[in-house]
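Architecture at a glance
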2 protein chains.
Amino acid sequence: MTSDSTRATRKGDQTRTLILRTALEQFGEQGYRGASLRDIAARCAISHPGLLYHFPNKQALLMEVLEHRDEVDRAEQASADDTGIDVLRRMVRSASVNQSRPGIVEMFVVVSAESTASDHPAHDYFVERYARLIDEVAQAYRVMRDAEQLVDGVNPLLAARQLIALMDGLQVQWLLDNDGVDMASALREHLQRHIKVSL
Amino acid sequence: MTSDSTRATRKGDQTRTLILRTALEQFGEQGYRGASLRDIAARCAISHPGLLYHFPNKQALLMEVLEHRDEVDRAEQASADDTGIDVLRRMVRSASVNQSRPGIVEMFVVVSAESTASDHPAHDYFVERYARLIDEVAQAYRVMRDAEQLVDGVNPLLAARQLIALMDGLQVQWLLDNDGVDMASALREHLQRHIKVSL
DNA sequence: CCTACCGATCGGTAGG
DNA sequence: CCTACCGATCGGTAGG
């Protein structure tokens, strides 16, 4: 029975994962409103009511795409208990990894921009996401300040906002001109002006 | 005859300007694809074929919205022959002014993000816009380097990309949390780490 | 500038 | 998972 239910789940899970991957691409290329369920479904070789068998509606699909990305990222990072400089190193590492994933970068750039409208289905998600991210990085800066690893006058909260803003802005430039921008080294150079120790 | 044609033009121009302003708002709130000509037209109290009497199609409307903004900005700045530190001061000033124009900020954030897709109608516009902007700021950094006003090791082109990325990223955070971010002072603080002189 | 209309496409449901 | 269908909405045109 275990193997039966496992096998049964597996097929459906594969389709679900394919839909999630395809939807991420399309939300990136066309935006949330611009992407159509029919187009996403066709790319998965199913009908659009077939897609709606797996996800109740378009909003739910978007939210599951976002949450699926977070889960995969969490799994990749392994050590989520980083503190201080390790958090900053992880940001640079993440920028480096992103340079081989234009689809994921585009999706976050486009959907986070759309989500600034307060009636966007992912508005609350991004408000909460930024609050969490800024908090985490600010805390890392605070730990470094207490260890006297920060350049004088660096404000942890402001520096956190600046670092994340820089990362977001570089992604737009990188998407418009892949070869003109090296996101990871631009971040590293910036960080090195904030901290005394070496990254 | 002069006064007749002036009066005749004036009415049409007023409607055109109203449409441009309303379209800017809607492109910001709904994105280019998400905004509808019918909705924009209704907010101007005309029919949507009425709107299409002034603009041949949706793409042309978007392009005219973007160009209209550039014209107004150019007119406001007055002194476009700034060099060196004046260019950086203008960037900070611009961030400060933007903090009273959420509609304009949202429009640029959303449409520039959408435009990273190579088939977006404003793709070429934004590729060209970023190239020009980065060039201008990089040139300002170069002038300052030659005047020995730059902190050691600052690379003009990289610093230009970072400054513009920071500005773009701060706009997203500001749109999501107006009270949590002061774009102008975040920019000023960043710039002061790159230059020896006072802003 | 308007009304009336076009074909295309959308998200979602019924029913199997 | 499918076919068939729904009402709503889209950008754009005809003709005035």
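Anyway, here's the lowdown on the structure attached to this text. (Residues numbered from 1 in each chain as written. Chains lettered and ligands numbered in written order. Predicted model: local features only at pLDDT ≥ 70, side-chain atom pairs only at ≥ 80, totals over all residues. Heavy atoms only, no water.)

It is worth spelling out the protein's contact with DNA strand D at this point. Around DNA strand D, the structure places 18 residues, and the nearest of them are Thr-15, Ser-47 and Tyr-53 of chain A together with Arg-38 and His-48 of chain B. A distance of 3.0 Å separates a phosphate oxygen of DNA strand D from a polar atom in the side chain of Thr-15 of chain A. One nitrogen or oxygen atom from the main chain of Leu-37 of chain B is found 3.0 Å from a phosphate oxygen belonging to DNA strand D. Those elements that provide at least two residues to the surface near DNA strand D are α1 (2-34) and α3 (48-54) of chain A together with α2 (37-43) and α3 (48-54) of chain B. Counting residues per element, the surface near DNA strand D draws most heavily on α3 of chain A, which supplies 4 residues. (Near = heavy atom within 4 Å. Polar contact = N/O pair within 3.5 Å; in protein donor to acceptor, adjacent residues only side chain to side chain. Helix = DSSP H or I, 4+ residues; strand = E, 2+ residues; numbered from the N terminus.)

Two numbers describe how helix α7 (residues 123-146) of chain A lies on helix α8 (residues 156-176) of chain B: the axes approach to 10 Å, and their chain directions differ by 115°. Classified by chirality, the crossing of α8 of chain B by α7 of chain A is left-handed. Mapping the contact onto sequence places His-123, Phe-126, Val-127, Tyr-130 and Ile-134 of chain A in α7 of chain A and Val-172, Gln-173 and Leu-176 of chain B in α8 of chain B. For the contact of α7 of chain A with α8 of chain B, a count of residues per class yields 6 nonpolar, 2 polar and no charged. (Axes fitted to C-alpha atoms, helices over the stretch in contact; angles between N-to-C directions. Left-handed = near helix turned anticlockwise from the far one by under 90°. Contact = heavy atoms within 4.5 Å. Nonpolar A, V, L, I, M, F, W, Y, C, P; charged D, E, K, R; others polar.)

Before going further, it helps to examine the relation of the copies chain A and chain B. Least-squares fitting of chain A to chain B yields an RMSD of 0.0 Å, with the superposition described by an axial translation of 0.0 Å and a rotation of 180°. Here the two chains are linked by the operation of a two-fold rotation axis. By residue overlap, the copies meet face to face through one surface: 100% of the interface positions of chain A are interface positions in chain B. (Least-squares fit on C-alpha atoms with pLDDT ≥ 70 in both.)

Our next topic: the pattern of salt bridges. Following the criterion strictly, the structure yields 26 salt bridges over all chains and no others. With its nearest N and O atoms 3.4 Å apart, the salt bridge here joins Asp-86 of chain A to Arg-89 of chain A. With Asp-86 of chain A and Arg-89 of chain A both in helix α5 (residues 85-98) and 3 residues apart, the pair spans about one turn of that helix. Residue classification places Asp-86 of chain A among the partly exposed residues on the basis of a relative accessible area of 34%. With a relative accessible area of 36%, Arg-89 of chain A lands in the partly exposed category. Among the ionic pairs, Arg-43 of chain B bridges to Asp-39 of chain B, the shortest N-O distance being 3.1 Å. Of this pair, Arg-43 of chain B and Asp-39 of chain B both sit in helix α2, 4 residues apart, which is roughly one turn of that helix. For Arg-43 of chain B, a relative accessible area of 49% puts it in the partly exposed group. Each of Arg-69, Asp-73, Glu-76 and Arg-101 of chain A takes part in salt bridges that share partners, so that together they form one network. (Salt bridge = Lys/Arg side-chain N within 4 Å of Asp/Glu carboxyl O. Buried < 20%, exposed > 50% of the residue type's maximum accessible area, 1.4 Å probe, protein only.)

Taken together, 18 residues sit near DNA strand C, with Arg-38 and His-48 of chain A together with Thr-15, Ser-47 and Tyr-53 of chain B positioned nearest. Taken together, the sugar and phosphate atoms account for 45% of what DNA strand C places within 4 Å of the protein. Every element with two or more residues in the surface near DNA strand C is listed here: α2 (37-43) and α3 of chain A together with α1 (2-34) and α3 of chain B. Looking at the surface near DNA strand C, the element that brings in the most residues is α3 of chain B, giving 4 residues.

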